[in-house]
Amino acid sequence: MAEIEQQSAPGSEWWRTAVIYQIYPRSFADANGDGIGDLPGITSRLDALSELGVDAIWLSPFMPSPQKDAGYDVSDYRGVDPLFGTLDDFDTMLAAAHERGIRVIVDLVPNHSSDQHRWFQDALKAAPGSPERARYIFRDGKGPHGDLPPNNWESVFGGGMWTRVTEPDGTPGQWYLHIFDTSQPDFDWTNPDVREEFRGVLRFWLDRGVDGFRVDVAHGLIKKDGLPDYTPDPEGGSMGGDEDDVPYWGQSGVHEIYRDWHALLAEYPGERALCAEAWLPTLEKTALWVRPDEMNQAFNFGYLMTPWDAEELSTVIRESLDAFGGVGAPSTWVLSNHDVIRHASRLALTVESPQGDGIGPRTEPKPDRALGLARARAATTVMLSLPGSAYLYQGEELGLPEAMEIPDEFRQDPTWFRTKGARYGRDGCRVPLPWSGTSPSYGFNDTGASWLPQPAEWAEYARAAEEGVDGSTLELYKELLRGRAERGLGSGSLVWEDLGRGTVAFRRGDLHVAANLGEVPVALPAGASVVVGSGPLTGRELPVDTAVWYTLAD
Ligand code: GLC
Ligand code: CA
């Protein structure tokens, strides 16, 4: 086979090569023992992240919020919810991270606020057509009495995308749009007030010293003119990305907003970064979000959604490097986050589960735990060898599976409520982390309280139980991250190799990477010496569901 070499886009900014660890604050570490993780908890556990070897952390929202969507319903963009601590706690955490050389990215939720946000409360009190209403998307209903929603759009969490309000005089009134829960009204981003307000919010956090933002639902801010009816593909994932030309996803008007933010970040010293959460149908489209004057990174959800198949995995890697490289941006890589089934379970699923649906007690057959973990370790071994920036989600370094047996009464994802339990939603990937021991809450705090129950078998996944244990998932991650840093794998070229059917193989300089996604063991070349493996080898044979980094003797 002819050698095909792919180059990652040049540039030295930190975000081009960084490994960024996602912290889901409510489930990371709980300092005050109320069962919900908090900012002091994060500060107290930063050493564990230094030891792991990550470059940056991204914190899911910790701003004041009624917590209807676990903080993605923000009522005040310039503060900290008392549940998670205070602004001082934030500053302390930020300084402690920076002291350790760890950068900090915060989550910005610009598509919608909480219905408890002052602006929305003002809008409810104001008249139709008022400037207060114009910050959100209020419309009159259809039908002679206005009692039908303005269009047929369906919420990502199930049910309609419109809710009718009662006007201050007690009469049934206008409707407002919410892509997500009724408690999350969408802003009207064609309104200059909204744009100005968010410039202020960006400055607030930049002034405090954050290194960047992960931008929530970055593909939703602009809706198509006239809000035309649209019926999504019922088989599709809830965040979009399955179809072209959805009137509320990926409209071209979003780009000028991100150009404006790019210019604003550029006024600040250091290299501040913007990363888009945008679920789009193709990598080419995703790449438009990271043109030189827009965002710096966009999540590679195409990579995350790729099934365990060698050809598909090779293709998505090749296309990602081409598409992002084509606009001078690094590719990103991600396998898990707080919205998807953890990859240690997902990669062993034999039933369809579109993004957002989740898995639970009714799911049959259940994913095999050992198979899922083997594939997850192999998948990560490949991912951390790729040029570009990689995202890790808290707990994947422990090999955590999705928690499937959460009793109904504990579930909190709005998806669960809005679909009356038909879809489990995302609670299964949000269970508090096990840190140590076998007692309740496994060191998440000292009290044993936990907002979602942790499965009994999680004692074996506790960080302390894996620390220093040869072959543990935690030690594998540390080795991969160390090797990635030492060898500078975050940048440079990738040369494709061919080890036959069912394999993904390439070379990064003199380091070779091979993964066996097929059905039979595959022989590595003579002289291969393994640097790190996701599982044990039998002689020179690479077993199925295993990946290795190796070098060749001259
Ligand atoms: C993003 C978040 C998700 C949240 C949604 C609404 O997709 O990742 O957790 O529910 O936006 O803000
Ligand atoms: Ca707490």
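Check the entry above for the structure.
What you are looking at is a predicted structure, and each value in this text was computed from that prediction instead of being measured.

A. Looking closely at the overall build of the protein. Scanning the protein from N- to C-terminus turns up 14 helices and 19 strands. Here the C-alpha atoms of the protein give a radius of gyration of 23 Å, agreeing with the 24 Å that 2.2 N^0.38 yields for 554 residues. Its C-alpha atoms put the protein at 80 × 55 × 50 Å along the principal axes. Counted over contacts in the protein with a minimum sequence separation of 6, partners at least 24 positions apart contribute 69%. Counting every atom, the protein has about 20600 Å² of accessible surface; 50% of that belongs to carbon and sulfur. If the 48 positive side-chain charges of the protein are averaged to one point and the 85 negative ones to another, these points end up 2 Å apart.

B. The environment of Val-246, seen in detail. Among the secondary structure elements, Val-246 is positioned in the loop between β8 (212-215) and α6 (254-266). When the C-alpha positions of Val-246 and Pro-232 are compared, they lie 8.0 Å apart, and in sequence the two are 14 residues distant.

C. Up close: unusual backbone geometry. The omega angle of the peptide bond from Glu-364 to Pro-365 is -10 degrees, so this bond is cis rather than trans. Within the element layout of this structure, Pro-365 appears in the loop between α10 (343-346) and α11 (369-383). A positive phi angle is found at Lys-420, which is not glycine, with a value near 50 degrees.

D. Molecular detail of the site of ligand 1. Contacts to ligand 1 come from 15 residues, most closely from Asp-69, Asp-216, Glu-277, His-338 and Asp-339. Interatomic distance of 2.9 Å between a side-chain N/O atom of His-112 and an oxygen atom of ligand 1. Residue His-338 places a side-chain N or O atom 2.8 Å away from an oxygen atom belonging to ligand 1. Considered on its own, ligand 1 offers 310 Å² of accessible surface; in the complex 100% of this is hidden by protein. Here the residues of the shell around ligand 1 are counted per class, giving five nonpolar, three polar and seven charged.

E. Region of the structure containing helix α9 (residues 310-326). Here α9 spans 24 Å end to end across 17 residues, near enough to the 24 Å set by a 1.5 Å rise per residue. Burial in α9 covers these residues: Ala-310, Leu-313, Ser-314, Val-316, Ile-317, Ser-320, Leu-321, Ala-323 and Phe-324. At the N-terminal end of α9, a side-chain oxygen is found 3.1 Å from the backbone nitrogen of Glu-311, two or three residues along, and the residue is Asp-309.

F. Seen up close, helix α5 (residues 192-208). The end-to-end C-alpha distance of α5, which contains 17 residues, comes to 25 Å, matching closely the 24 Å that a straight helix rising 1.5 Å per residue would cover. Turning to α5, its buried residues number three or more, namely Val-194, Arg-195, Glu-197, Phe-198, Val-201, Leu-202, Phe-204, Trp-205 and Leu-206. Summarising the contacts, the buried residues of α5 are in contact with α3 (87-99), β4 (103-108), α4 (118-125), β8 and α6. Among the residues of α5, the N-terminal cap falls to Asn-191, whose side-chain oxygen and the backbone nitrogen of Asp-193 are separated by 2.8 Å.

G. Looking closely at the coordination of the calcium ion (ligand 2). Of the protein atoms, only Asp-30 (OD), Asn-32 (OD1), Asp-34 (OD), Ile-36 (O) and Asp-38 (OD) coordinate the calcium ion (ligand 2), at distances of 2.2 to 2.3 Å. Every donor residue of the calcium ion (ligand 2) comes from the same chain, spaced as D-x1-N-x1-D-x1-I-x1-D. There is no split in this pair, since Asp-30 and Asp-38 are both buried.

H. Summary view of the sheet that holds β4. Taken together, the eight strands give an open sheet; going across it, the order is β10-β9-β8-β4-β3-β2-β12-β11, and neighbouring strands pair in parallel fashion. Where the open sheet ends on each side, the last strands, each with one partner, are β10 (297-298) and β11 (332-334). As paired elements, β8 and strand β9 (residues 273-276) share four bridges and run parallel to each other. Opposite Gly-212, over in β9, you have Ala-273 as the bridge partner. Sitting on the sheet, α5 is in contact with β4 and β8, with an inclination near 155 degrees to β4. Contacting β4, β8 and β9, α6 crosses the sheet at an angle of about 155 degrees to β9.

I. Representation of the nonpolar core. Phe-213 and Ile-317 are the most contacted members of the largest nonpolar core, which totals 159 residues. Apart from the residues lying within four places of it in its own chain, the contact partners of Phe-213 are Ile-105, Val-106, Leu-108, Leu-202, Trp-205, Leu-206, Leu-265, Ala-273, Leu-274 and Cys-275. Listed in part, the five residues of the second largest apolar core include Ala-514, Leu-524, Val-548 and Tyr-550.

J. Layout of the side chain of Arg-411. In this structure, Arg-411 sits in the loop between β12 (389-393) and α12 (414-418). Lacking a salt bridge, the buried Arg-411 has Asp-427 as its closest oppositely charged neighbour, with an N-O distance of 4.4 Å. Excluding residues that lie within four positions of it along the chain, Arg-411 makes contacts with Ile-359, Gly-360, Pro-361, Met-404, Ile-406, Trp-416, Phe-417, Tyr-424 and Asp-427.

K. Expanded view of the packing of aromatic side chains. If you walk through the whole model with that rule in mind, you get 31 aromatic pairs. Their ring planes at 35 degrees and their centres at 5.8 Å tell us that Tyr-258 and Trp-289 sit as a pair that is tilted. One end of the pair, Tyr-258, is in helix α6; the other, Trp-289, is in the loop between α7 (283-287) and β10, and 31 residues separate them in sequence. Trp-289 matches Tyr-258 in its accessibility class, with the two residues each being buried. Grouped by ring-pair contacts, the aromatic residues Tyr-77, Trp-119, Phe-120, Tyr-136, Phe-138, Tyr-176, Phe-187, Trp-189, Phe-198, Tyr-258, Trp-261 and Trp-289 constitute a single cluster. Here the basic side chain of Arg-26 rests over the ring of Trp-451, its NZ or CZ set 4.6 Å away from the ring centre.

L. Here's a closer look at the sheet that holds strand β19 (residues 546-552). Ordered in space as β1-β13-β14-β15-β19-β17, the six strands form an open sheet in which the pairing is antiparallel. Because the sheet does not close on itself, it has two edges, and the strands there are β1 (5-7) and β17 (528-533). Neighbour to neighbour, the strand axes of the sheet diverge by 30 degrees on average, direction disregarded. Strand contacts of α9: β1, β13 (493-496) and β14 (503-508), with the helix running at about 35 degrees to β14, the strand carrying the most contacts.

M. Examining the pattern of salt bridges more closely. A complete count under the given rule lists 33 salt bridges for this structure. Here Arg-78 ties to Glu-197 by a salt bridge, and the two come within 2.7 Å at their closest N and O atoms. Note that Arg-78 is positioned in the loop between β3 (56-59) and α3 and Glu-197 in helix α5, a separation of 119 residues in sequence. Relative accessible area serves as the criterion here: at 30%, Arg-78 is assigned to the partly exposed category. For Arg-259, the salt bridge identified is with Glu-294, shortest N-O distance 3.1 Å.

N. Layout of the packing of α3 against α5. Between α3 and α5, the shortest axis-to-axis distance is 10 Å and the interhelical angle comes to 55 degrees. Here α3 lies oblique to α5, going by the angle between them. Residue-level inspection shows Leu-87, Phe-90, Asp-91 and Leu-94 of α3 in contact with α5, the latter providing Phe-204, Trp-205 and Arg-208. Residues that form the contact of α3 with α5 fall into these classes: five nonpolar, no polar and two charged.

What counts and how
- Residues numbered from 1 in each chain as written.
- Chains lettered and ligands numbered in written order.
- Predicted model: local features only at pLDDT ≥ 70, side-chain atom pairs only at ≥ 80, totals over all residues.
- Heavy atoms only, no water.
- Helix = DSSP H or I, 4+ residues; strand = E, 2+ residues; numbered from the N terminus.
- Rg over C-alpha atoms; globule rule 2.2 N^0.38 Å.
- Contact = heavy atoms within 4.5 Å.
- Areas by Shrake-Rupley, 256 points an atom, 1.4 Å probe, with all protein chains shown as cover.
- Lys, Arg positive; Asp, Glu negative; His and termini not counted.
- Charge placed at Lys NZ, Arg CZ, Asp CG, Glu CD.
- Near = heavy atom within 4 Å.
- Polar contact = N/O pair within 3.5 Å; in protein donor to acceptor, adjacent residues only side chain to side chain.
- Nonpolar A, V, L, I, M, F, W, Y, C, P; charged D, E, K, R; others polar.
- Expected span 1.5 Å × (residues − 1).
- Buried < 20%, exposed > 50% of the residue type's maximum accessible area, 1.4 Å probe, protein only.
- Donors = N, O, S within 2.8 Å, 3.2 Å for Na, K, Ca; no water.
- Pairing = 2+ DSSP bridges.
- Axes fitted to C-alpha atoms, helices over the stretch in contact; angles between N-to-C directions.
- Core = buried A, V, L, I, M, F, W, Y, C linked by side-chain atoms within 4.5 Å.
- Salt bridge = Lys/Arg side-chain N within 4 Å of Asp/Glu carboxyl O.
- Phe/Tyr/Trp six-rings, centres within 6.5 Å; stacked < 30°, edge-to-face > 60°.
- Lys NZ or Arg CZ within 6 Å of the ring centre and 35° of its normal.
- Parallel < 35°, antiparallel > 145°, perpendicular 65-115°, else oblique.

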